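# Fold and geometry: a report
Given next are the chains, with one letter for each unit.
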Amino acid sequence: MYALLAKGSAASTAVIQLRHDDGTPASNERTVTHAALESAVRETEAAHHPRWVWDRAASWYPELLATNVRVEKCHDLALCQSILLHSEFAAASGYREQATALPREADPARQTSIWGTAGAGQESLFDAPATTPQVWDLDTVARELGAQKAAVASSTHPARLTLLLIAESAGALVAAEMQYEGIPWREDLHRRLLNDLLGPEPVNHAHPEKMETLAAQLRTALNAPSLNPDSPQDLIRALHKAGIGAKSTRSWELMEFKHPAIEPLLAYRKLSRLFTTNGWNWLRQWVREGRFHSEYVVGGVVSGRWASRGGGAMQIPAQIRGAAVADPGFTLIVADAAQLEPRVLAALAQDTAMAAAGQDPSGANADLYAGIAAQGFGGDRSMAKIALLGAIYGSTTGESGRLVPQLARMYPRALDYVEQAARAGERGQCVSTFLGRSTPPTTQEWHDGQRSSSAEEQRRAESSARSRGRFTRNFVVQGTAAEWALCWLAELRRRLRALAASSPEVGGVQVDGTPQLVFFLHDEVMVHCPTPLVEEVTRLVHESSQAATELIFGRIPLEFPVNVSVVQCYADAK
């Protein structure tokens, strides 16, 4: 059963209609006002448990969450359209020619909802002019849903593509819920960390005390009294004048030089990143009522990985993780998938030898890198890791380039899989993940460049082809790993919802509070869990990873284990 949710014909109204799986109406259209939407969605969800269909979850769900309304599942038309427009699985379906133009997305910085503004002076989605609808009406939603279902049905792998669209849409719900819940964040601890690392909070946009001290040391070491260390141009000139022949101000390059200025410069840059990215201004902007609320972007990276629009949730530095502390009576469960991408490669290539390296003789999960090292690198785990990551990322030089041939002899199926993806990319062809997310097509300009005749143009063309080959080589692995992580996340959300709905008891006493997903980063999840439920939720974390593997690959002789840390503070997670 589907529940279509769309903009109404009158301002500040919405339309809900139930439809059967074949697209035929199961109820009449129901028009509701903004004020009545909460109760209408709540009633429909309780009575029918439908899959909600809307233009974008981000246009509707945050406001429903604000009224304590949660839905079980949805179909996010915009996210699914983005996949289907490029998917080679659906290339012959005709979908690309008939897809409905996407509604323009609201400025994410404005936190605008379909009902208008979240603050004074902000643009309303109903009133702002646009060349395409900003929120689709019911007919448009129904037409686009039908087109997407038809595209999947006529695709080369309908079951895989269906799973991908379900997982992507579930991710949209998780992203909105995590933004709403927020990561538990102690402002007092954050300020204490900043004070210890940077000094007292500066006033009038000045630099913190410890940064100023390092800047003074740097000016003295470089004999540059007027140096602005925040200016790359000023800095590179001062370095050259002092005899430091760095071509850039990147830390790894500066570390190659021996000079009294290098140590204070590296220390200054480290503090500068903290001050700029996660300093006092960040705290005021992104932490509210003891929670860090960041906006996640599902499928924000071409491979399907997530990104974030605000607050840098995808890059929480170790320096401030000490401020992420569970509430009283709660615990943080932090879990990450072990060696996810190498295991995905073994599954994609059906390389039984590589899969066996990830199991110990008893059949239990083992360290994949250690297993590979034992099979062919004299037990040197670091050497095996360098070789395997080099194969996935296309390294041809240095230590990894030297070790990859040995890996190819050990696991020809796995190495051939990524080699084939690389060669396809070099020819300008598209490649796809296991479930059907494909690389965007190359441009005509790229193909024209490959036909260049002069020696200089040919060198550029070959370099461009090799670069695309490295991209496609990694895409098939990283993109499929992102799909596995998304299925893990969606399955864990489903099981946590079921646990909360069961009103769990421990020792005959009902547990106060419910476990909530509050953070996701590529292959890591964090659950803010009532302490009495830690054992149960940890079990669900493991079961969800096993379910994700079977959903995507079926029953295979390879596990995707997760490492779990149960901590009060994020900084203590391993």
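Right above here is the structure, for reference.
Read on for a plain summary of the structure. (Residues numbered from 1 in each chain as written. Predicted model: local features only at pLDDT ≥ 70, side-chain atom pairs only at ≥ 80, totals over all residues. Heavy atoms only, no water.)

## A look at the overall build of the protein chain
Along the backbone of the protein chain there are 21 helices and 16 strands. Its C-alpha atoms give the protein chain a radius of gyration of 26 Å, near enough to 25 Å, the size a compact globule of 574 residues would have. Oriented by its inertia axes, the alpha-carbon framework of the protein chain measures out at about 80 × 60 × 60 Å. Among the 574 residues that make up the protein chain, the fraction classed as buried is 50%. For the protein chain, restricting intrachain contacts to residue pairs at least 6 apart in sequence, the fraction spanning at least 24 positions comes to 65%. Treating the 56 positive side-chain charges of the protein chain as one cloud and the 63 negative ones as another, the clouds have centres 5 Å apart. (Helix = DSSP H or I, 4+ residues; strand = E, 2+ residues; numbered from the N terminus. Rg over C-alpha atoms; globule rule 2.2 N^0.38 Å. Buried < 20%, exposed > 50% of the residue type's maximum accessible area, 1.4 Å probe, protein only. Contact = heavy atoms within 4.5 Å. Lys, Arg positive; Asp, Glu negative; His and termini not counted. Charge placed at Lys NZ, Arg CZ, Asp CG, Glu CD.)

## Quick word on the layout of surface pockets
By volume, the second largest pocket is sized at about 530 Å³. As for the second largest pocket, its lining consists of 17 residues, and the residues nearest its centre are Arg70, Arg497, Ala500, Ala501 and Gln516. For the lining of the second largest pocket, the secondary structure elements donating two or more residues are helix H1 (34–48), helix H20 (455–501) and strand S14 (516–521). For the lining of the second largest pocket, the element with the most residues is H20, which contributes 5 residues. Tallied by class, the residues present in the lining of the second largest pocket amount to 7 nonpolar, 4 polar and 6 charged. (1 Å grid on protein atoms, 1.4 Å probe; cavity = no way out; pocket = protein on both sides within 12 Å on 5 of 7 lines; lining within 4 Å. Points joined across faces, edges and corners; volume = space filled by probe spheres on them. Nonpolar A, V, L, I, M, F, W, Y, C, P; charged D, E, K, R; others polar.)

## A word on the nonpolar core
Core analysis: the biggest nonpolar cluster contains 144 residues, and Trp54, Trp185, Trp306, Ile372, Trp484 and Phe519 have the highest contact counts within it. Examining the composition of this core, we find that 13 residues originate from one element, H20, more than from any other. Discounting chain neighbours no more than four positions away, the residues touching Trp484 are Ala337, Leu340, Ser545, Ala548, Thr549, Ile552, Phe560 and Val562. Counting residues in each nonpolar core, the second largest holds 14 residues, with Leu239, Ala246, Leu254 and Ala261 among its members. (Core = buried A, V, L, I, M, F, W, Y, C linked by side-chain atoms within 4.5 Å.)

## A closer look at the sheet that holds strand S16 (residues 562–567)
The strand order S14-S15-S11-S16 describes an open sheet built from 4 strands, whose pairing is antiparallel. Among the strands making up the open sheet, the edge pair consists of S14 and S16. The average undirected angle you get between the axes of adjacent strands in this sheet is 20 degrees. In this sheet, S16 lies alongside strand S11 (residues 330–337) in antiparallel orientation, the contact comprising 6 bridges. Across the sheet, Val334 pairs through a bridge with Ser565, a residue of S16. Against the sheet, helix H21 (residues 534–553) contacts S11, strand S15 (524–530) and S16, and its axis sits at roughly 160 degrees relative to S16. (Pairing = 2+ DSSP bridges. Axes fitted to C-alpha atoms, helices over the stretch in contact; angles between N-to-C directions.)

## Considering helix H15 (residues 368–376)
All of the buried residues in H15 are Leu368, Tyr369, Gly371, Ile372 and Ala373. Its buried side turned inward, H15 meets helix H13 (340–349), helix H14 (352–357), helix H16 (381–393) and helix H17 (398–410). Sitting at the amino-terminal end of H15 is Asp367, which places a side-chain oxygen 2.9 Å from the backbone nitrogen of Tyr369. (Polar contact = N/O pair within 3.5 Å; in protein donor to acceptor, adjacent residues only side chain to side chain.)

## Description of the side chain of Ser432
Inspection of the secondary structure assignment puts Ser432 in the loop between helix H18 (412–426) and helix H19 (444–450). Only 2.5 Å separates the side chain of Ser432 from the side chain of Ser438, close enough to count as a polar contact.

## Regarding the pairing of S15
Burial analysis of S15 places 7 of its 7 residues in the buried class, which makes it a mostly covered element. Of the two faces of S15, both are covered, the one formed by Glu524, Met526, His528 and Pro530 as well as the one formed by Val525, Val527 and Cys529. Summarising the sheet, S11 and S15 pair through 7 bridges and their orientation is antiparallel. Across the sheet, Asp336 pairs through a bridge with Glu524, a residue of S15. Relative to S15, S14 runs antiparallel, the two sharing 5 bridges. Residue Phe520 lies in a different strand from S15, and its bridge partner there is Val525.

## Side note on the packing of helix H3 (residues 77–86) against helix H6 (residues 158–181)
Taken N-terminus to C-terminus, the directions of H3 and H6 make an angle of 145 degrees; their axes are 9 Å apart at the nearest point. As H3 runs across H6, the sense of the crossing is right-handed. Mapping the contact onto sequence places Leu79, Cys80, Ile83 and Leu84 in H3 and Leu161, Leu164, Leu165, Glu168, Ser169 and Ala172 in H6. In terms of residue class, the contact of H3 with H6 is built from 8 nonpolar, 1 polar and 1 charged. (Left-handed = near helix turned anticlockwise from the far one by under 90°.)

## Description of the side chain of Ser87
Structurally, the position occupied by Ser87 is in the loop between H3 and helix H4 (95–98). According to the relative accessible area criterion, Ser87 is buried, its value standing at 0%. A polar side-chain atom of Ser87 sits 3.2 Å from the main-chain amide nitrogen of Phe89. Residues in contact with Ser87, not counting those within four places in the same chain, are Arg96, Leu161, Gly436 and Ser438.

## Some points on the sheet that holds strand S6 (residues 183–184)
Spatially, 3 strands are ordered S6-S8-S7 in an open sheet, and the strand pairing comes out antiparallel. The open sheet has two edge strands with one neighbour each: S6 and strand S7 (287–288). Looking at chain direction, S7 and strand S8 (residues 291–292) are connected through 2 bridges and run antiparallel. Residue pairing for S8: Val287 is matched across the bridge by Phe292.

## Points about the packing of H13 against H16
The angle between the axes and the distance between the axes are what describe a pair of packed helices. Following both chains from N to C, one finds H13 and H16 inclined at 65 degrees, their axes separated by 11 Å at the closest point. Compared by their axis directions, H13 and H16 come out roughly perpendicular. The hand of the H13/H16 crossing is left-handed. Residues Glu341, Pro342 and Leu345 of H13 pack against Leu388, Ile392 and Tyr393 of H16. Looking at the contact of H13 with H16 residue by residue, the classes come out as 5 nonpolar, no polar and 1 charged. (Parallel < 35°, antiparallel > 145°, perpendicular 65-115°, else oblique.)

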